[in-house]
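Chain by chain, the residues run as shown.
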Amino acid sequence: MDVVVFLTVKYLFKGIFSRFGKLTKLKKVVSDSIMSWANNLPEELTCRPTGLVILTGLDVTYNAVHKSIWDSFYNNRRLDRVPLQFQVVPGDHEYPKCRTNKRQSYEWYIPKGILKSGWMKKHLTQVPAVAVMFFDLDWDDAMWKEKQMECSTRVEIVRNSLQGRGTKVSVVLIQKNAPLPPGEDVVAAERAASLCSACELSAKHLYVLPQTDHLIGYTIRLENAFYELSQAYYHGEARKVKSHKDFLNKTTHQLLFVRHQFKIAFFNELKQDTHTAIKHYKQAYGHILELRMNDTNMLEVKTIAGFVNYKICRLSFQHNAPLDGIAQFRKHIDFFKGRIGVADLAFEHSAWMSKQFQVFGDLFDEAIKLGLTAIQTQHPGFYYQHSADYAIARKQLCRGSCKPLPVGASQAIVENIGSLDFYGQRPWRQGHQSIDPPDLQKERDGIAALQALELLEEHSWLIIPLLNSAVAQFKKYKSLRMKRFLMVQMGQEYFHARDYQRSIMLLSKVTWDYRVERWWPLLTSILMTSLKCAYLTGKVQDYVINCVELIGPYTTCSAEEKTRIQMNLLRVMSNDAPEAEPGLDAVCVEKARHLWTPGSEPCVFNVEMQNIVPCVECKARFTSAAVAADEEVTVEVYIRVRCPFPVRFSKVSLSLNNPMYNQYLEVIDGHGAASEGEGHEGNLYLVPGMPRRYTFSFLPVQEDVGNQLEITGVCVVLGSETARCGVMTWVGAGGDAVVPVQTCLSLLPKRQPSNHIDWNQIQLDAVTKIVSRPAQLDIGLKHQAPSLLNEFYLMQVTVTNREDVIISNVSLSVTVPEKDDYDRATHLSVDVAEFDGHVVARLAYMDLESLAPGESRSKSIFVKCLQTGIKLITFQVDYSIEVKASGHLIPCACSKVESVNLNTVSAFEVSVKIMNMKFETIEAIQAEEPFLLMPELKCIAPWAVNIQDSDLQLSKSVVKVDKSGSQLIGVSLEKNECAAECYCLSSLNSPLTSVSMGSYVLHWKSTHAMQYATFYWFPTC
């Protein structure tokens, strides 16, 4: 049956296979097999140790009851169940033999190694703590005697196969019926005692498993019993090992001190006593540091030290003591980082150091997932990074010292390197512990064979997963610069691994940040690697982009290097193959040459110039911020190249937010061989460092009047559209490749030749507005301010044509801007003074027909203000005209606006006096008693006002005593003159405490207007 092992192997190259595909997986398997003797942790070390329980007597293939019993033990191993692993074996299964000649003394014993390679696996999967024999037997079975004998025979077979072991043997009787409560079944008690006697078992080791619906409950109870037996077994095994301590001495048995402490700790782990286990692991590690180390045993000591360090760190994190784990790891690294061993095998030391950092990073990361909190200065990313650094050092050591085997040499000396008796030993001198090797020739042959094996290692596929893990951690903890640095290393390793597509993809993700922060040496190095990748993959677009950036002024390439790159760029754009980049493998170059064979189909690609720091710079601008509808819009484009040699482009074009103008905004190079003297428009031959200007102009369309035109992009084409064509595009109006740093010197004025273009003084103006053509007419306003409240105020508007031609569709609009409906207190009317109670605040598009040059036309506008104050009144005249521009007749819509602030005032100020019949002022009136009401008027109008009539509109509570009329009829008042009249009134008998008397109506007429009535309300008495 399959072995039930609860392993949590999460620490070896976690996630690598899924991230890097089948090819990476195959390469990792190969690498693990090559270097497993030096750095890998065995599976039995990294798993969680759990006690082994052997189940025998179950026929899980043909017996359904037995199969269900096995499933109840094997399936659904949740965390709340006891940590045990179960195996089903036949009754005659052979277990590892126990040594019969027990050692009584260690006096003359010389250990051959520290830890046997099969010891942990043996106690995890082969030697059981508990052996359980299942047997079908009921208490009332008719053949009790025979079956009892058969059961005892089977138990004896199991016991004999485990002879010399302390394994606990138990028997489980599978019964069809549920057992009775204890004490009630006398037959069961007697037969149980008889069976224990026949099988030489303790009563505590005999169990009953009834075939009921609650099988899982009985199974869990059995598991708990087996767990207690297993703990007793492992406790006994640990005591046995501990008892050997008295026979050891530190002169010859140093290795045994380490071995015994490791075994005691491992047995305690199997017992699930992790606190005792870590104590003994620490003691084992202390003994390791006391060992005598030399080149012969250095690898073995480091291997076992790595095992013990792993256990200590893992248990420290498990006990929620991360600082202890970190301190242990630092102590471990500080002690062993300088103990290299054999100089010719220094790469082994780097591999071992890399694995130590990687494993600790995995442990740290696993602890974080389980709830541990890390910080930006202490997280697993640093350990993955150090692991990758040692892996890189391993690769460099391999390249510097390893050599292939000579022709005819054999690797038989290291064939069994994966199946040695002791961890960390050499296959050609197993069990040898002396300082000097026993056979120098074998030693040399073995070292040469190991170096040849190391040459087969693809180191980049070891480094990339480590860097990937480090990148993920630094990204998680927001260390962005470290993340970018590691991504660059990953890109370089992909390049060394010949995965050029991934290399260029990774490097392209970090170049922008280095451009922004102006790390020019780093950017140059990255671009050179990207250029090589683009060449080897035959990617024309990527190759051109890297060339355009590398030959610019900001990279740190030498002049010769920039010249070579520009020549290659010209070859590519001429549809030829570029020369190979220096330092590339000859085989790869040969493959790449076939990729650069010119094809029959044209190759057109885009280069987004805003994302790189190119050798070509562009600035575009409108020459004016606003352009009239009858004027030409002028756009200027400035282009500058900053590379070693001149460049000829094939086309320059602009695009606006209105595409219909784009046809006027391009220039095509029409020259063959270029010369530096050419400078007229259409010549796209640019000399380095000498900016060139290209000017475009066009007439706007009528629909764009009032709208903005914006430069949305600039396009410069390099190459031919029939072969290879690179379309360099800038978003918007372009700009400097790198924004220059302002200094005091840069602000000082400089003398320049008259025809020189100062690139730094060119401002980007990407937007212009199309405005209406200025109107050539006069708007005359004739009126006498101020206006009086409630009068129809006359304003005479005269429009005069000052154009040289007839204007048509002339219209006049008069508007009183109002903030809200509550503010609508100004009424407008045209030609006739009328008001029906509905306020009209706008008179729109009053037709004035056509006007000949010099002709005038007038309109009478009446304004009635219902509130005092200043009001803004606007007069707008719109008309159409055809004007001639650039040889074309263009229809234009013109408009002119005039505004006037009109002040509105009241004609009179009215005050009221209430007096008794003796002309004495009173505060209140009495019911049915006469009193006098005297309105007093003061004229505040700027001109004379004639009073036509006056009257009282009294409330129902007040009546006139006499029938007299107005006393002011015909009176004319100048400004600041006053008048008054008096009325005798009486209040009716009313229960109200206050009386509203009504209003005073005054009919008046100004000298230049019609008659109006104004109401003034009396106060309440």
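Residues numbered from 1 in each chain as written. Predicted model: local features only at pLDDT ≥ 70, side-chain atom pairs only at ≥ 80, totals over all residues. Heavy atoms only, no water.

A.B. asks: How should I be thinking about the overall build of the protein in this particular structure?
C.D. replies: The secondary structure content of the protein amounts to 22 helices and 36 strands. In terms of overall size, the protein is more extended than a compact globule, its C-alpha atoms giving a radius of gyration of 52 Å where 1021 residues would be expected to give roughly 31 Å. Along the longest, intermediate and shortest principal axes, the C-alpha atoms of the protein span 150 × 100 × 55 Å. Within the span of the protein, comprising 1021 residues, buried residues form 49% of the whole. Of all intrachain contacts in the protein linking residues separated by at least 6 positions in sequence, the fraction that spans at least 24 positions is 75%. Within the structure as shown, the protein displays about 49600 Å² of accessible surface, and the carbon and sulfur contribution to it stands at 52%. Charge-centre separation for the protein: the mean point of 108 positive side chains lies 12 Å from the mean point of 109 negative side chains. (Helix = DSSP H or I, 4+ residues; strand = E, 2+ residues; numbered from the N terminus. Rg over C-alpha atoms; globule rule 2.2 N^0.38 Å. Buried < 20%, exposed > 50% of the residue type's maximum accessible area, 1.4 Å probe, protein only. Contact = heavy atoms within 4.5 Å. Areas by Shrake-Rupley, 256 points an atom, 1.4 Å probe, with all protein chains shown as cover. Lys, Arg positive; Asp, Glu negative; His and termini not counted. Charge placed at Lys NZ, Arg CZ, Asp CG, Glu CD.)

A.B. asks: I would appreciate a short explanation of the sheet that holds strand β3 (residues 130–136) in the present structure.
C.D. replies: Two strands in a sheet stick together by hydrogen bonds in their backbones, pointing the same way (parallel) or opposite ways (antiparallel). Here five strands make up an open sheet; going across it, the order is β2-β1-β3-β4-β5 and the pairing parallel. Edge positions in the sheet fall to β2 (84–89) and β5 (206–210), since each of these pairs with one other strand and no more. For this sheet, the mean angle separating the axes of adjacent strands, direction not counted, is 25°. Of the pairings in the sheet, the one linking strand β1 (residues 51–56) to β2 comprises six bridges and is parallel in character. Each residue of the ladder has a partner; that of Val53, found in β2, is Phe86. Most of the contacts of helix α3 (residues 64–74) go to β2, to which it runs at about 155°, and overall it touches β1, β2, β3, β4 (168–175) and β5. (Pairing = 2+ DSSP bridges. Axes fitted to C-alpha atoms, helices over the stretch in contact; angles between N-to-C directions.)

A.B. asks: Could you clarify how one ought to interpret the packing of aromatic side chains in this entry?
C.D. replies: The description of an aromatic ring pair uses the distance of the two centres, along with the angle that the planes make with each other. Using the criterion set out here, one finds 32 aromatic pairs in the structure. Aromatic side chains Tyr207 and Phe226 sit 5.9 Å apart centroid to centroid with 85° between the ring planes, which places their arrangement in the edge-to-face category. A residue pair is termed long-range when its members are at least 10 positions apart, and Tyr207 in strand β5 and Phe226 in helix α7 (residues 215–242) qualify at 19 residues. With relative accessibility at 15%, the residue Tyr207 sits in the buried group. Under the relative-accessibility criterion, Phe226 is labelled buried at 0%. Considering the side-chain rings of Phe262 and Phe266, the 6.3 Å spacing of their centres and the 10° angle between planes classify their relative orientation as stacked. Of this pair, Phe262 and Phe266 both sit in helix α8 (residues 254–270), four residues apart, roughly one helical turn. Residue classification places Phe262 among the buried positions, given a relative accessible area of 2%. Following the ring pairs from residue to residue traces out a cluster consisting of Trp119, Tyr233, Tyr234, Phe262, Phe266, Phe267 and Tyr281. In this structure, Arg339 is placed above the aromatic ring of Phe335, and the distance from its NZ or CZ to the ring centre is 3.9 Å. Sitting over the face of the ring of Tyr845, Arg842 holds its NZ or CZ atom 6.0 Å from the ring centroid. (Phe/Tyr/Trp six-rings, centres within 6.5 Å; stacked < 30°, edge-to-face > 60°. Lys NZ or Arg CZ within 6 Å of the ring centre and 35° of its normal.)

A.B. asks: Teacher, can you tell me more about the pairing of strand β15 (residues 708–719) here?
C.D. replies: Along a regular strand, successive side chains alternate from one face of the sheet to the other. Of all 12 residues in β15, nine are buried, a share of seventy percent or more. Relative to β15, strand β11 (residues 651–656) runs antiparallel, the two sharing six bridges. Counterpart to Val652 in the pairing with β15 is Val716. Pairing of β15 with strand β18 (residues 767–771), which is carried by three bridges, proceeds in the antiparallel orientation. In the strand pairing of β18, Leu709 is matched with Thr768. Judged from the seven bridges that link them, β15 and strand β16 (residues 724–731) form a sheet pairing that is antiparallel. Its bridge partner being in β16, Val714 is matched across the sheet by Trp730. In this structure, the hairpin formed by β15 and β16 is closed by a connection of four residues.

A.B. asks: Would you mind going over the nonpolar core with me for this structure?
C.D. replies: As a rule of thumb, nonpolar side chains are buried together in soluble globular proteins. In terms of nonpolar packing, the biggest core is built from 93 residues, with Val616, Val637, Phe649, Leu654 and Met728 touching the most fellow members. It is helix α18 (residues 520–537) that provides the largest number of residues to this core, a total of 10 residues. Setting aside its immediate chain neighbours within four residues, Val637 contacts Cys618, Lys619, Ala620, Val652, Leu654, Arg692, Arg693, Tyr694, Phe696 and Val714. Judged by nonpolar contacts, the second largest core, of 87 residues, contains Leu124, Val172, Phe336 and Phe364. (Core = buried A, V, L, I, M, F, W, Y, C linked by side-chain atoms within 4.5 Å.)

A.B. asks: Sorry, what's going on with the state of the cysteines here?
C.D. replies: Chemically, a disulfide is nothing more than a covalent bond linking the sulfur atoms of two cysteines. The final tally for this structure, using the stated rule, is zero disulfides. Here Cys398 stays free of any disulfide, with the sulfur of Cys402 as its closest cysteine sulfur at 3.9 Å. What makes Cys398 buried here is its relative accessible area of 3%. Cysteine Cys547 shares no disulfide, and the gap to the nearest cysteine sulfur, in Cys615, comes to 9.5 Å. Given a relative accessible area of 0%, Cys547 falls into the buried group. (Disulfide = S-S within 2.5 Å.)

A.B. asks: Which parts of the structure should I look at to understand the pattern of salt bridges?
C.D. replies: In a structure, side chains of opposite charge can pair up when their charged atoms sit close to one another. In total, this model carries 37 salt bridges according to the counting rule given. Across the pair Lys147 and Asp141 runs a salt bridge, and its minimum N-O distance is 3.1 Å. We classify Lys147 as partly exposed; its relative accessible area is 25%. Owing to a relative accessible area of 17%, Asp141 belongs among the buried residues under this scheme. The salt bridge involving Glu590 is made with Arg593; its shortest N-O contact spans 3.3 Å. Of this pair, Glu590 and Arg593 both sit in helix α21 (residues 586–595), three residues apart, which is roughly one turn of the helix. Accessibility expressed as a relative area gives 41% for Glu590, which makes it partly exposed. (Salt bridge = Lys/Arg side-chain N within 4 Å of Asp/Glu carboxyl O.)

A.B. asks: Hey, could you run me through the environment of Arg621 in this one?
C.D. replies: By the element assignment, Arg621 lies in strand β7 (residues 616–622). Considered as a pair, Arg621 and His838 are 217 residues apart in the sequence and their alpha carbons are 53 Å apart. When residues no more than four places from it in sequence are discounted, the contact partners of Arg621 are Thr634, Val635, Glu636, Tyr638, Ile711, Gln763 and Asp765. There is a polar contact of 3.2 Å between the side chain of Arg621 and the side chain of Tyr638. (Polar contact = N/O pair within 3.5 Å; in protein donor to acceptor, adjacent residues only side chain to side chain.)

A.B. asks: Where do I start with the sheet that holds strand β23 (residues 826–830) in this structure?
C.D. replies: Taken in spatial order, the four strands make up an open sheet running β19-β21-β25-β23, and their pairing is antiparallel. Looking at strand neighbours, the two that pair on one side only are β19 (777–782) and β23, the edges of this open sheet. Direction aside, neighbouring strands of the sheet carry axes that sit 25° apart on average. Of the strand pairs in this sheet, β19 and strand β21 (residues 792–801) are connected by six bridges, and their pairing is antiparallel. Residue pairing in the sheet places Ile779 in a bridge with Val799 of β21.

A.B. asks: What am I meant to see in the environment of Glu493 here?
C.D. replies: Looking at where Glu493 falls in the secondary structure, it is placed in helix α16 (residues 480–496). For the pair formed by Glu493 and Ser460, sequence separation is 33 residues and the distance between their alpha carbons is 5.4 Å. Excluding residues within four positions of it along the chain, Glu493 makes contact with Ile392, Lys395, Ser460, Ile463, Ile464 and Leu467.

A.B. asks: Teacher, can you tell me more about the pairing of strand β9 (residues 633–641) here?
C.D. replies: Among the nine residues that make up β9, eight are buried, leaving the element largely enclosed by the rest of the structure. When β7 meets β9, the two strands line up antiparallel, connected through seven bridges. Residue Val616 lies in a different strand from β9, and its bridge partner there is Val641. Sheet analysis places β9 next to strand β14 (residues 692–698), joined by seven bridges and oriented antiparallel. Following the sheet pairing, Tyr638 is matched in β14 by Arg693.

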